[in-house]
Amino acid sequence: MRIFIAGGTGAVGIRMVPLLVAAGHEVYGSTRHDAGCETLAGLGATGVVMDPLNPQSVTDAVTKASPEVIVHQLTALGSLSGNLKKWDQDFAMTNRLRTEGTDHLLAAARAAGVRRFVAQSFGGGWTLERIGDWVKDETSSLIEDPGKEARGTLAAIRHLEDAVTSASDVEGLVLRYGNFYGPGNAASRDGAIGELLRKGKMPVVGGGTGVWSFVHIDDVASATVAAIDRGAPGIYNIVDDEPAPVNQWMPFLAEQVGGRNPMRLPAWLARPLIGEFGVALMTSVRGSSNAKAKRELGWTPSYPTWREGFRTGIG
């Protein structure tokens, strides 16, 4: 097939390209700069310079590729501050890409007669309702209010998911990725979370009962490749087999990166520092089940559990 990856040089796109080329597909990838075209050419793909917030630029890029499938991997996560009280500010550009960028890509897809549209969303914990089961499937509702720090980000995620899954003229699939780990990501030996844990600067807040779902970055790429030609339209959680409470995964990751057991901080003391949203991340968020993705996409993560992945896959 001819496949267009919007965000071809991003963390997921750059890992998808070799897999798709090896499978015999003709791959186009968007990039902001000419240097990105050179990178993609070196991997066997064709680079297309595109401004994802300019509708004409998006239309021109998609028209040039004339793809059967578009994969939406547009984000802007390279310079996050790490301040949980500034979540929406940190995600402001990514939120525009999830709203305006998604709308531009869907309009271009319709004009070009694209058959299938696969889009990145998030399903690592905080977007889901924080009542009932601690591990939820795709039928569970998004939370109405995640906290003032993340309302704009949740609204952008909701917009993307609704726009893609309600499209009647393309097969729209939304992949809710878990929390990334692995080389080049915050949860890695050299990443921001790894560094904080190594220095003892990331505590377990409250009981650390918030449940996170993780996924290795290479498994994200393989799952997305699977969704290009498998699975009915809808939403899929792309996470590993073992959702994990903070009080389990954080001490284990600290050990793997050479840090000490994280200190404990009462929620009341942490709240002024990290906000209500930050406290929820530590104490009340829910994890996700991958049963649907494994069943309908025929996908199996190469790192089935975060324990195995943190030991051998963090760089």
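See above for the structure.
Attention in this report is confined to the structure presented alongside it. Quantities reported herein were computed from a predicted structural model and do not represent experimental measurements.

### Notes on the overall build of the protein chain
Step number 1: If you tally the helices and strands in the protein chain, you get twelve helices and 15 strands.
Step number 2: Seen along its three principal axes, the alpha-carbon backbone of the protein chain occupies a region of about 55 × 35 × 35 Å.
Step number 3: Considering the protein chain as a whole, with its 315 residues, one finds that 55% of them fall into the buried category.
Step number 4: Partitioning the contacts of the protein chain with sequence separation of at least 6, the portion at a separation of at least 24 is 78%.
Step number 5: Both charge centroids of the protein chain, one from 31 positive and one from 33 negative side chains, sit 6 Å from each other.

### Quick word on the packing of helix α1 (residues 13-22) against helix α8 (residues 217-229)
Step number 1: At a minimum axis separation of 9 Å, α1 and α8 run at an interaxial angle of 50°. By the angle between their axes, α1 is oblique relative to α8. As for the relative orientation of α1 and α8, their crossing is right-handed in sense. On α8, the residues that touch R15, M16, L19 and L20 of α1 are I217, D218, A221, S222, T224, V225 and I228.

### So, the sheet that holds strand β7 (residues 171-177)
Step number 1: Ordered by their spatial adjacency, seven strands build an open sheet running β3-β2-β1-β4-β5-β7-β12, and the pairing between neighbours is parallel. For this open sheet the edge positions go to β3 (46-49) and β12 (234-238), each flanked by a neighbour on one side alone. Between one strand and the next, the sheet's axes are offset by a mean angle of 20°, whatever the strand orientation.
Step number 2: Judged from the five bridges that link them, β7 and β12 form a sheet pairing that is parallel. From the neighbouring strand, L173 faces β12, where its bridge partner is G234.
Step number 3: Contacts from helix α2 (residues 34-42) reach β2 (26-31) and β3, with the element oriented near 165° to β3.
Step number 4: The strands touched by helix α5 (residues 92-112) within the sheet are β1 (2-6), β4 (69-72) and β5 (116-122), with β4 carrying the most contacts at an inclination of about 175°.

### Notes on the packing of aromatic side chains
Step number 1: Summed over the entire model, instances satisfying the criterion amount to 14 aromatic pairs.
Step number 2: On the numbers, 5.1 Å between centres and 75° between planes, the contact of F214 with W249 is edge-to-face. Note that F214 is positioned in strand β11 (residues 214-216) and W249 in helix α9 (residues 246-256), a separation of 35 residues in sequence.
Step number 3: What makes F214 buried here is its relative accessible area of 2%.
Step number 4: Exposure remark for W249: the relative accessible area of 1% places this residue in the buried category.
Step number 5: With centroids separated by 5.3 Å and ring planes inclined at 80°, the aromatic side chains of F214 and F310 adopt a geometry described as edge-to-face. One end of the pair, F214, is in strand β11; the other, F310, is in helix α12 (residues 306-312), and 96 residues separate them in sequence. Both residues of the pair, F214 and F310, belong to the buried class.

### Here's the deal with the environment of Q89
Step number 1: Relative to the elements of secondary structure, Q89 occurs in helix α4 (residues 87-90).
Step number 2: Sequence separation between Q89 and D60 is 29 residues, and the spatial gap between their C-alpha atoms is 30 Å.

### Some words on the environment of F122
Step number 1: Structurally, F122 is set in strand β5.
Step number 2: Sequence separation between F122 and P304 is 182 residues, and the spatial gap between their C-alpha atoms is 19 Å.
Step number 3: Look past the residues within four positions of F122 in its chain and what remains in contact with it is T127, I157, R176, Y177, G178 and N179.

Parameters at a glance
Residues numbered from 1 in each chain as written. Predicted model: local features only at pLDDT ≥ 70, side-chain atom pairs only at ≥ 80, totals over all residues. Heavy atoms only, no water. Helix = DSSP H or I, 4+ residues; strand = E, 2+ residues; numbered from the N terminus. Buried < 20%, exposed > 50% of the residue type's maximum accessible area, 1.4 Å probe, protein only. Contact = heavy atoms within 4.5 Å. Lys, Arg positive; Asp, Glu negative; His and termini not counted. Charge placed at Lys NZ, Arg CZ, Asp CG, Glu CD. Axes fitted to C-alpha atoms, helices over the stretch in contact; angles between N-to-C directions. Parallel < 35°, antiparallel > 145°, perpendicular 65-115°, else oblique. Left-handed = near helix turned anticlockwise from the far one by under 90°. Pairing = 2+ DSSP bridges. Phe/Tyr/Trp six-rings, centres within 6.5 Å; stacked < 30°, edge-to-face > 60°.

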